Amino acid sequence: MALVVVGLFVFGMRRRLIQRSGGTFDCSLRWDAPESGDSQGKGWAYGVARYNGDRVEWFRVFSYAPRPRRVLERSAIEVAGRRVPEGEEELALLTDYVVLACLHRGTRLELAMSEDALTGFLAWLEAAPPGQRVNVA
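This write-up is about the structure you can find in this document. (Residues numbered from 1 in each chain as written. Predicted model: local features only at pLDDT ≥ 70, side-chain atom pairs only at ≥ 80, totals over all residues. Heavy atoms only, no water.)

### Structural notes on the pattern of salt bridges
- For the structure on display, the rule yields 10 salt bridges.
- Notably, a salt bridge pairs Arg30 with Glu89, separated by 3.2 Å at the nearest N-O pair. Here Arg30 is found in strand 2 (residues 28-31), whereas its partner Glu89 is found in helix 2 (residues 89-92), with 59 residues between them in sequence. Across this residue pair, the class does not change: Arg30 and Glu89 are buried.
- Residue Glu110 is joined to Arg30 by a salt bridge in which the shortest nitrogen-to-oxygen separation is 2.6 Å. Here Glu110 is found in strand 8 (residues 107-114), whereas its partner Arg30 is found in strand 2, with 80 residues between them in sequence.
- Look at the salt bridges and you will find they share partners, linking Arg30, Arg83, Glu89, Arg108 and Glu110 into a network. (Salt bridge = Lys/Arg side-chain N within 4 Å of Asp/Glu carboxyl O. Helix = DSSP H or I, 4+ residues; strand = E, 2+ residues; numbered from the N terminus. Buried < 20%, exposed > 50% of the residue type's maximum accessible area, 1.4 Å probe, protein only.)

In structure tokens form, the structure reads like this:
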């Protein structure tokens, strides 16, 4: 029983450390997403994303790793479109999430987040310094 309590405590502390610097939002990620919208809901991982300068760092929620699992550079993100979750995907994602299809250095990925987080993410993408190429559909 003590191990379970310690494990939950460590999860909570890790999340607080990630969120300490601010600029975080709940965000599910599907790396290497299929070309057409796969509504089976497979491949989604629940996580927390954090803005860090010109990068978004994505951390798995159910992990003890202190480092981000994925790092997305603003200049390498191309937005391909957005959609609402479909089919079994609705069960795999949190309620009211929007799915954003992107390319990052040639890898197709999908980010699922709330409408408010999506607005902030798109504003962050468009706020790139002058001279940086940003593709927002």
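### As for the sheet that holds strand 5 (residues 70-73)
- The 4 strands are arranged 1-3-4-5 in an open sheet whose pairing can be described as antiparallel. Pairing within the sheet leaves two strands with one partner each, and these edge strands are strand 1 (24-26) and strand 5. Between one strand and the next, the sheet's axes are offset by a mean angle of 20°, whatever the strand orientation. (Pairing = 2+ DSSP bridges. Axes fitted to C-alpha atoms, helices over the stretch in contact; angles between N-to-C directions.)

### Section: the nonpolar core
- Formed by 22 residues in total, the largest nonpolar core has its most connected members in Leu111, Met113 and Phe121.
- Those elements giving two or more residues to this core turn out to be strand 4 (55-60), strand 6 (77-83), strand 7 (97-104), strand 8 and helix 3 (115-126).
- Considering every element that reaches this core, the biggest residue donor is helix 3, with 6 residues.
- Discounting chain neighbours no more than four positions away, the residues touching Phe121 are Phe25, Tyr51, Val56, Ile77, Leu100, Leu111 and Met113.
- Membership of the second largest hydrophobic core comes to 5 residues, among which are Trp44, Leu93, Tyr97 and Val99. (Core = buried A, V, L, I, M, F, W, Y, C linked by side-chain atoms within 4.5 Å. Contact = heavy atoms within 4.5 Å.)

### Thoughts on the side chain of Thr107
- The topology assignment puts Thr107 in strand 8.
- When neighbours within four sequence positions are excluded, Thr107 is seen to be in contact with Trp31, Asp32 and Cys102.

### Regarding the side chain of His104
- Following the sequence through the fold, His104 ends up in strand 7.
- You can call His104 buried: its relative accessible area is 6%.
- Each residue touching His104, except ones within four places of it in the same chain, is listed here: Trp31, Val71, Leu72, Glu73, Ala76, Ile77 and Leu109.

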